[in-house]
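# Structural features, examined
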Amino acid sequence: EAVKWVRKAAEQGNAEAQFGLGLMYYRGEGVTKDWAEAVNWYRKAAEQGLAKAQCHLGVMYYNGKGVAKDPGEAVKWVRKAAEQGYAEAQYILGDMYYSGEGVAKDWVKAVNWYRKAAEQGHAPAQFGLGVMYYRGEGVAKDWAEAVNWYRKAAEQGYADAQYDLAGMYYRGEGVAKDWAKGLNWYCKAAYTKGIVFLLKKLQ
């Protein structure tokens, strides 16, 4: 019944409904899962400028789901969403610049896009920015700043950030050495992801 009404709005050109219908086809909610049809509806909304649809369409091109894999086309659509301030797209574009997928590798630009998303509270981007500061990639190495961004993501429950923040306390990098706080963050990471996560990380 939800699909029925969302489709009516989508067929009248409502971008939010077009995106919603695309999600339903992507997930197989109320309809048979069909990634090609998801792409079709994402595209309709994306062409109207809906940032989240542009981002999802870009990801479909990136992963080759419902459409031929095309990193260049992926970057094109993700960038459109990122330039509208959509945090998830900014983070993904940062990843693309970091890895050189569909665009020339550029760690400075990766840092720029991670920061835009991180400042909106996007936990994976905060973690990514922390990693860049920790390694000195695209920015001067600064462990204190790494701790700052790891903490922001960790406090949102992002397990990788919790784990890396624990290591900073354990080693005394960018922060006073404090094994009790390190253990606390290790435990939070283990609780978030399960003990298997922590055991694998510590191997």
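Higher on the page you've got the structure.
Below: a short report on this structure.

## Describing the overall build of the protein chain
Each helix and strand in the protein chain was counted, giving twelve helices and zero strands. Secondary structure elements in the protein chain, listed N-terminal to C-terminal, are α-α-α-α-α-α-α-α-α-α-α-α. Taken over the C-alpha atoms alone, the protein chain extends approximately 60 × 35 × 25 Å along its principal axes. Buried residues in the protein chain amount to 41% of all 203 residues. Accessible surface computed for the protein chain: about 10300 Å², of which carbon and sulfur atoms make up 51%.

## Thoughts on the nonpolar core
Across soluble globular proteins, nonpolar side chains show a tendency to be buried alongside one another. Ranked by size, the top nonpolar core spans 65 residues in total, and within it L93 and M96 carry the most contacts. With near-sequence residues (within four places) excluded, M96 lies in contact with Y62, A74, V75, V78, E101 and V103.

## A word on the side chain of E137
Tracing the backbone through its elements, the reader meets E137 in the loop between helix 8 (123–135) and helix 9 (143–154). For E137, a relative accessible area of 11% translates into the label buried. Within polar-contact distance, the side chain of E137 engages the side chain of Y98 at 2.8 Å. Other than its neighbours up to four places away in sequence, E137 contacts Y98, W107, V111 and M132.

## Structural notes on the packing of helix 7 (residues 107–118) against helix 8
As a packed pair, helix 7 and helix 8 sit with axes 8 Å apart at the nearest point and diverge in direction by 140 degrees. Of the possible angle classes, the one that applies to helix 7 and helix 8 is oblique. As helix 7 runs across helix 8, the sense of the crossing is left-handed. Two secondary-structure elements touch here, helix 7 through W107, A110, V111, Y114, R115, A117 and A118 and helix 8 through A125, Q126, G128, L129, M132 and Y133. Classifying every residue of the contact of helix 7 with helix 8 by side-chain character gives ten nonpolar, two polar and one charged.

## Concerning the packing of aromatic side chains
For the coordinates displayed, the defined rule picks out nine aromatic pairs. Over the ring of W5 we find K8, and its NZ or CZ is 5.6 Å from the ring centre. Its end group placed over the ring of W113, K116 keeps NZ or CZ at 5.6 Å from the ring centre.

## Examining helix 9
Every α-helix carries 3.6 residues per turn, so stepping three or four residues along brings you back to the same face. Under the 1.5 Å per step criterion, the end-to-end length of helix 9 is 16 Å for twelve residues, consistent within 8% with the ideal 16 Å. Buried within helix 9 we find A146, V147, W149, Y150, A153 and A154. Buried positions along helix 9 lie against helix 7, helix 8, helix 10 (159–171) and helix 11 (179–193). Near the N-terminus of helix 9, the side chain that reaches the backbone nitrogen of A144, with its oxygen 3.1 Å away, is that of D142.

## Here we look at the side chain of Q54
Within the fold, Q54 resides in helix 4 (residues 51–63). The buried category is assigned to Q54, whose relative accessible area is 4%.

Cut-offs and rules
- Residues numbered from 1 in each chain as written.
- Predicted model: local features only at pLDDT ≥ 70, side-chain atom pairs only at ≥ 80, totals over all residues.
- Heavy atoms only, no water.
- Helix = DSSP H or I, 4+ residues; strand = E, 2+ residues; numbered from the N terminus.
- Buried < 20%, exposed > 50% of the residue type's maximum accessible area, 1.4 Å probe, protein only.
- Areas by Shrake-Rupley, 256 points an atom, 1.4 Å probe, with all protein chains shown as cover.
- Core = buried A, V, L, I, M, F, W, Y, C linked by side-chain atoms within 4.5 Å.
- Contact = heavy atoms within 4.5 Å.
- Polar contact = N/O pair within 3.5 Å; in protein donor to acceptor, adjacent residues only side chain to side chain.
- Axes fitted to C-alpha atoms, helices over the stretch in contact; angles between N-to-C directions.
- Parallel < 35°, antiparallel > 145°, perpendicular 65-115°, else oblique.
- Left-handed = near helix turned anticlockwise from the far one by under 90°.
- Nonpolar A, V, L, I, M, F, W, Y, C, P; charged D, E, K, R; others polar.
- Phe/Tyr/Trp six-rings, centres within 6.5 Å; stacked < 30°, edge-to-face > 60°.
- Lys NZ or Arg CZ within 6 Å of the ring centre and 35° of its normal.
- Expected span 1.5 Å × (residues − 1).

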